[in-house]
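Understanding the architecture of this molecule
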Amino acid sequence: MPISTKSPLTWYSLAGLRRRRSVKWTEFPPDVLPMRIAEMDTPLAEPIAEVLIRAVSDGDTGYATPGRLPDLFAAFAGRRYGWHPAPKDMRLVPDVMSGIAEVLRAATRPGDTVVVNVPGYPPYFSQLERIGLRLATNPLIPGPDGYRLDLDGLELAFAAGAKALLLCNPHNPTGTVFTLDELSAVADLAEAHDVQVVVDEILAPLVHPAVRRHIPFPSLDRPAAARSVSLVSASKAWNLAGLKAALAVPGPDARATVAAMDEDLAEGAGLFGVLASEAAFADGERWLDDVVRALDGNRLLLAEELGRRLPTVGYQPPDAGFTAWLDFRAFGLPEDPAERLLDRARVGVSSGPRFSPPLQPGEPGSGHGFVRLNFATHPELVVEAVQRIAAAVSPTGESRSRGTHQRPAGNRLRHQALGGEPDWLAMSAEDLAVYRDVENRRRASPAMQAITGIPDPGASIEWQELPLPDRGLAVRIYRPTPGQGSSPADQALPLVLHVHGGGFVGTAVQSDWVNSRLATRLHALVVSVEHRLVAPDTPLSAAADDAWEALRHLVRHASDLGIDAARTAVFGESCGALITTLTALRVKEAGLRLRAQVLVNPVVDMTDTMLDHASVIRHADSPTLTVPQLQLIRRLAIPPGTDARALSPLHADDLTGLAPALVIVPTHDPLADHGRRFSERLRAAGTPVRLTEYAGAGHAFLSMPGVAPDADAARTEILDFLRGALA
């Protein structure tokens, strides 16, 4: 299927990226995944591409003037941050680093001391030396919520005579966005000690809004903030680093500092940089929002993959930007792990020691034992990079901690409860309960929508409890809101009964993206069953009973619920597709009728031959489903004494008379052959079957539209299939 164009990070193939001539894609041999240079693997935003094409067509390739850039940035800052700097006071500079150097030259004297929080951006250190300034380092403090400013350390450095603070916010390399309280405290300390604050805010447009909000330092109501100078640019957020344009933006009382900068510095800015930056700040916010969503998905995907394969690597997902500061100290590697990763994993990353050149290994703030990895690339390359690194640092790909180093809590997304990669086959009932609770809360969290997708705003979504004879059963109901769809408001709606995937883990919330869209675009009532999950005391038959009894209840109360029971379809994913198929068989046995069934990456064989299919062997260690997980599911689902064939639709005696089926098979899925063989059996039984294979997609891809390009195409196919069946 074609790659979706909705994510700027999935636009290009690896071959297409390797045609680029920028540093990122030319500094390493072709077998290396380049994740060092802070460039993004995106196309240009359309408004930027248009203005550059126009300039080339017009031969407009002369020297740069600031043009409308100061005014357009001021308007952007007002919309984005509620900050309204004065355009007339801004100065055009070639890039943020040269602007920082010139502001410091104007605000200090040779030999003065400048404080830098470490780890820090490597050019800071060389530039300070170049312009004759001394360096004082202030280590950031690592903690469970990321890296924080050491305010006591800053006060000591200021009291010792430092004349300036070079503050990076959002911070490079950690991605930390400092809070209002932290920034206000910095401003108060700077005022008390008469310290000039210069702020690198190049990453500000890339703050993940669900995590933090960016507060421009000069916008604070503090005297030291009014005397500060911020350096800003569109270069990182819109991927324009080679075009050269940035702005020095003074606070109200720093105009003289900026005015004292060397006027010739602006000549180093490029006209294409100015034109592209104007287009970015004026018309590029929609593209920017798409990029931020894609980066948010990748930072969480990286956490997921590290948690799965390298749980002892320290990783706090960044608040902003697209670089990960990874702690490999637990592995006993050389002081610069980047060398090992390049030599053995063929992954190019930034050397951690370069981010703290004055410091020795073990000193607070030292980058020894760390690397910086750029994850602004196709999600599949993020997964591949972690796979390569895992294989390089441990022969088995399962890395264990050497010593007592404690990794930050930020990357315990999958493994927070268990303290490491779960040993699925040794998992106790208590471990399973804890893991399931943590994982399901994660899947239901708003932050996970970067991966699982944002629900359609045209659907109302609510939990309800169906009053079954012996228990209540939770269901998640999706309705088109009034005015959605083409059917009259009082017309009964078709019913789609959905069963989510997971087996021993999972929740209906993880399928909000697809179910809400089915509700609005089919003008249907979609009901997702929050079925009992398999566990030592809960076999698969219990989950199958939940789906069947939910369907019977909904059909019996169709008139009360506004359902047209004659237009009913079932839809399931993974283990949910197995439950869906068992439900379709019971519908036939009860003499009822379904219009359609949709089975996405289904598991249909729970017998001893479950793992004998070729696809299980070929994709035994896929990123989203592994053989040990399948073994655990089978052990829980089919307790001793259970007839496994009765719960295996692939081995059902009679598959005649079932509803037409759409079977969706991702090819990089251990269960791919389950779907293929079941389609063959349905077809042989006379059931109309449409089998669609999504090349390169992995298990559960439909539930991960933020990182799975083919999810949108699969959703469209499901929608078209059901629209025809339920008409």
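Residues numbered from 1 in each chain as written. Predicted model: local features only at pLDDT ≥ 70, side-chain atom pairs only at ≥ 80, totals over all residues. Heavy atoms only, no water.

Description of unusual backbone geometry
Along the chain, Val 118 connects to Pro 119 via a cis peptide bond; the corresponding omega equals 0 degrees. Inspection of the secondary structure assignment puts Pro 119 in the loop between strand S3 (113-118) and helix H6 (122-130). Across the junction of Asn 172 and Pro 173, the peptide omega takes the value 20 degrees, indicating a cis bond. Considering the arrangement of structural elements, one finds Pro 173 in the loop between strand S7 (164-168) and helix H8 (180-193). (Helix = DSSP H or I, 4+ residues; strand = E, 2+ residues; numbered from the N terminus.)

What to know about the pairing of strand S21 (residues 661-668)
S21 sits mainly inside the fold: 7 of its 8 residues count as buried. Of the strand pairs in this sheet, strand S20 (residues 596-600) and S21 are connected by 4 bridges, and their pairing is parallel. Note that in S21 the partner of Val 598 across the bridge is Leu 662. Where S21 meets strand S22 (residues 689-698), 7 bridges bridge the pair, whose relative direction is parallel. Each bridged residue has a counterpart across the sheet, and for Leu 662 the counterpart in S22 is Arg 690. (Buried < 20%, exposed > 50% of the residue type's maximum accessible area, 1.4 Å probe, protein only. Pairing = 2+ DSSP bridges.)

A look at the side chain of Glu 549
Within the element layout of this structure, Glu 549 appears in helix H18 (residues 540-556). The buried category is assigned to Glu 549, whose relative accessible area is 17%. One polar contact links Glu 549 to Arg 471, side chain to side chain, over a distance of 3.1 Å. Residues in contact with Glu 549, not counting those within four places in the same chain, are Leu 468, Asp 470 and Arg 471. (Polar contact = N/O pair within 3.5 Å; in protein donor to acceptor, adjacent residues only side chain to side chain. Contact = heavy atoms within 4.5 Å.)

Some remarks on the sheet that holds strand S11 (residues 323-327)
Read across the sheet, 3 strands follow the order S11-S14-S13 without closing on themselves; strand pairing throughout is antiparallel. Across the chains shown, the open sheet's two edge strands, defined by having one partner strand only, are S11 and strand S13 (350-351).

So, the packing of aromatic side chains
Counted according to the given criterion, the structure contains 14 aromatic pairs. Considering the side-chain rings of Tyr 121 and Tyr 124, the 5.4 Å spacing of their centres and the 85 degrees angle between planes classify their relative orientation as edge-to-face. With relative accessibility at 27%, the residue Tyr 121 sits in the partly exposed group. Among the aromatic residues, ring-to-ring pairing joins Phe 73, Phe 76, Tyr 81, Trp 83, Trp 238 and Phe 281 into one connected group. (Phe/Tyr/Trp six-rings, centres within 6.5 Å; stacked < 30°, edge-to-face > 60°.)

A few points about the nonpolar core
Among the nonpolar cores identified, the biggest contains 112 residues, and Phe 73, Trp 238 and Phe 328 are the most heavily contacted of them. The dominant element in this core, judged by the number of residues it contributes, is helix H12 (residues 285-309), at 11 residues. If sequence neighbours within four positions are ignored, Trp 238 has contacts with Leu 44, Ala 45, Ile 48, Phe 76, Pro 205, Ala 280, Phe 281, Gly 284, Trp 287 and Leu 288. (Core = buried A, V, L, I, M, F, W, Y, C linked by side-chain atoms within 4.5 Å.)

Section: the packing of H12 against helix H14 (residues 379-393)
Two quantities define a packed helix pair, namely the angle between the helix axes and the distance between the axes. Two elements in contact, H12 and H14, have axes separated by 10 Å at closest approach and are oriented at 25 degrees. Judged by the angle between their axes, H12 and H14 are roughly parallel. As H12 runs across H14, the sense of the crossing is right-handed. Across the interface between the two elements, Asn 298, Leu 301, Leu 302, Glu 305, Leu 306 and Arg 309 of H12 pack against Pro 379, Val 382, Val 383, Val 386, Gln 387 and Ala 390 of H14. (Axes fitted to C-alpha atoms, helices over the stretch in contact; angles between N-to-C directions. Parallel < 35°, antiparallel > 145°, perpendicular 65-115°, else oblique. Left-handed = near helix turned anticlockwise from the far one by under 90°.)

Re the confidence of the model for the protein
With 94% of its residues at a pLDDT of 70 or more, the protein has an overall mean of 91. Every residue in residues 1-5 is under pLDDT 50, and counting partners more than four places away or in other chains gives 9 contacts. Note that pLDDT drops below 50 for residues 395-421; the model gives that stretch 73 contacts with residues more than four away or on any other chain. (pLDDT = per-residue confidence, 0-100.)

Thoughts on helix H13 (residues 337-345)
For H13, every residue scored as buried is listed here: Pro 337, Ala 338, Leu 341 and Ala 345. One side of H13 holds all its buried residues, which, seen down the axis, span an arc of 105 degrees. Exposed and oriented more than 90 degrees from the buried face of H13 are Asp 343 and Arg 344. Those residues of H13 hidden inside the fold are in contact with strand S12 (347-348), S13, strand S14 (370-374) and H14. (Arc of directions from axis to C-beta.)

Examining the side chain of Lys 236
Take Lys 236: it is sitting in the loop between strand S9 (229-232) and strand S10 (246-250). Summary of buried charges: Lys 236 has no salt-bridge partner, and the nearest side chain of opposite charge, Glu 39, is 8.1 Å away. (Lys, Arg positive; Asp, Glu negative; His and termini not counted. Salt bridge = Lys/Arg side-chain N within 4 Å of Asp/Glu carboxyl O.)

Some words on the packing of H18 against helix H20 (residues 575-589)
Contact geometry of H18 with H20 gives a least axis separation of 9 Å together with a crossing angle of 55 degrees. Here H18 is positioned oblique relative to H20, judged by the angle of their axes. Relative to H20, the crossing made by H18 is right-handed. For the pair H18 and H20, the contacting residues are Leu 540, Ala 543, Ala 544, Asp 545, Ala 547, Trp 548 and Leu 551 in the first and Cys 575, Leu 578, Ile 579, Leu 582, Thr 583, Arg 586 and Val 587 in the second.

Considerations on the environment of Val 23
Mapped onto the fold, Val 23 is located in helix H2 (residues 23-26). Here the alpha-carbon distance between Val 23 and Glu 39, two residues 16 residues apart in the chain, equals 8.9 Å.

Brief notes about a negative patch on the surface
A cluster of acidic residues, Asp 262, Glu 263, Asp 264 and Glu 267, forms a negative patch at the surface. Along the polypeptide, Asp 264 turns up in the loop between helix H10 (255-259) and helix H11 (271-283). By relative accessible area, which is 51% here, Asp 264 ends up exposed. (Patch = residues over 30% accessible without salt bridge, like charges linked within 9 Å, V, L, I, M, F, W, Y side chains within 5 Å. Areas by Shrake-Rupley, 256 points an atom, 1.4 Å probe, with all protein chains shown as cover. Charge placed at Lys NZ, Arg CZ, Asp CG, Glu CD.)

What about the pairing of strand S8 (residues 196-200)?
Most of S8 is tucked away: 5 of the 5 residues are buried. Covered by surrounding structure in S8 are Gln 196, Val 198 and Asp 200 together with Val 197 and Val 199, the residues of both alternating faces. Crossover S7 to S8 through H8 is right-handed. Two elements, S8 and S9, share 3 bridges in a ladder whose sense is parallel. Each residue of the ladder has a partner; that of Val 198, found in S9, is Val 229. (Right-handed = clockwise from strand over helix to strand, strands pointing away.)

Examining the pattern of salt bridges
Tallied over the full model, the rule gives 42 salt bridges. Here Lys 24 and Asp 41 are joined by a salt bridge, their closest N and O atoms 3.1 Å apart. With a gap of 17 residues between them, Lys 24 in helix H2 and Asp 41 in the loop between strand S1 (33-34) and helix H3 (46-57) connect regions that are remote in the sequence. For the pair formed by Lys 24 and Asp 41, the shared burial category is buried. Asp 290 is the salt-bridge partner of Arg 293, the closest N and O atoms lying 2.4 Å from each other. On the criterion of helical spacing, the pair formed by Arg 293 and Asp 290 is a turn pair, its members being 3 residues apart in helix H12. When its relative accessible area of 43% is taken as the criterion, Arg 293 is described as partly exposed. Because the salt bridges share partners, they merge into one network encompassing Asp 470, Arg 471, Arg 532, Asp 546 and Glu 549.

Quick look at the sheet that holds strand S16 (residues 472-480)
The 8 strands lie next to each other as S15-S16-S18-S17-S19-S20-S21-S22, forming an open sheet whose pairing is mixed. For this open sheet the edge positions go to strand S15 (459-467) and S22, each flanked by a neighbour on one side alone. Neighbour-to-neighbour, the strand axes of the sheet open up by a mean angle of 20 degrees, direction not taken into account. Bridge count between S16 and strand S18 (residues 525-529): 4 bridges; the pairing is antiparallel. Directly across from Ile 477, in S18, lies its bridge partner Val 527. Across the sheet, H20 touches strand S17 (493-499), strand S19 (563-573) and S20, and the angle it forms with S19 is around 140 degrees. Across the sheet, helix H23 (residues 672-684) touches S20, S21 and S22, and the angle it forms with S21 is around 150 degrees.

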